[in-house]
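Survey of secondary and tertiary structure
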Amino acid sequence: QMRLREAIKEDSELLLKWRNDSGTRRSSRNEQEIKKEEHDEWLRRTFRNSNRKLYIAEINNKPVGTARTDYDGKYYELSWTVAPEERGKGIGKKMISLIIERIKKPTRAEVKVNNLASRKIAEYVGMSLDYTRDGLMYFSKE
């Protein structure tokens, strides 16, 4: 049974570890390793931003992934990472399904062309590919 909870300051180290994983970096728009100071500042800005929510997905109280929503007044932009040791188990599909159930608004996501796992997640939750440009696939769901 998966549950979502909002991220807290104490999740910082785990989130940075997942973000700097080589597989995560390959799938990210910014493939560079992030320094702790940069990450801490990003997390502080995230917590202050009323249009952004950062969630931790847990199974049996064990963190298995993270998802972020950014609301622009019409769409919720979704972004996600599955814990490296949990990949290939359907966790991303379940996590993003729970997010979509929670927000009940139009969503979109940008996925790198070579990121087959995230493409499958977007399609699984009912997002349609709108277009591809500059190595990114743009998905949305009304």
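Scroll up for the structure.
It should be emphasised that the depicted structure is a prediction, and the values quoted were computed from it without experimental measurement.

Attention now moves to the nonpolar core. Formed by 25 residues in total, the largest nonpolar core has its most connected members in L78, W80, M95 and I96. For this core, the secondary structure elements donating two or more residues are β1 (2-6), β2 (52-59), β3 (62-71), β4 (76-82), α4 (91-103), β5 (107-112), α5 (116-124) and β7 (136-141). With seven residues, α4 is the single largest residue contributor to this core. Excluding anything up to four places from it in sequence, M95 contacts M2, L4, A57, G65, T66, A67, W80, T81 and V82. Formed by seven residues, the second largest nonpolar core is a distinct cluster that contains A7, L15, L43 and I56.

Spatial ordering of the open sheet is given by β1-β2-β3-β4-β5-β7-β6, a layout of seven strands whose pairing is mixed. Two strands lie at the open edges of the sheet, namely β1 and β6 (128-133), each paired on one side alone. Sheet twist, expressed as the mean angle between neighbouring strand axes with direction ignored, is 30°. Examined bridge by bridge, β4 and β5 share two bridges and lie parallel to one another. Note on β5: the bridge partner recorded for E77 is R108. Running at roughly 85° to β3, helix α1 (residues 12-20) makes contact with β2, β3 and β4 of the sheet.

Volume-wise, the largest pocket comes out at about 1,300 Å³. As for the largest pocket, its lining consists of 44 residues, and the residues nearest its centre are T24, S28, S79, W80 and T81. Counting residues per element, the ones that place at least two in the lining of the largest pocket are α1, α2 (22-27), α3 (36-48), β3, β4, α4, β5 and α5. Element by element, the count of residues in the lining of the largest pocket is highest for β4, at six residues. Per-class residue counts for the lining of the largest pocket are 15 nonpolar, 15 polar and 14 charged.

What counts, and at which threshold
Residues numbered from 1 in each chain as written. Predicted model: local features only at pLDDT ≥ 70, side-chain atom pairs only at ≥ 80, totals over all residues. Heavy atoms only, no water. Core = buried A, V, L, I, M, F, W, Y, C linked by side-chain atoms within 4.5 Å. Buried < 20%, exposed > 50% of the residue type's maximum accessible area, 1.4 Å probe, protein only. Helix = DSSP H or I, 4+ residues; strand = E, 2+ residues; numbered from the N terminus. Contact = heavy atoms within 4.5 Å. Pairing = 2+ DSSP bridges. Axes fitted to C-alpha atoms, helices over the stretch in contact; angles between N-to-C directions. 1 Å grid on protein atoms, 1.4 Å probe; cavity = no way out; pocket = protein on both sides within 12 Å on 5 of 7 lines; lining within 4 Å. Points joined across faces, edges and corners; volume = space filled by probe spheres on them. Nonpolar A, V, L, I, M, F, W, Y, C, P; charged D, E, K, R; others polar.

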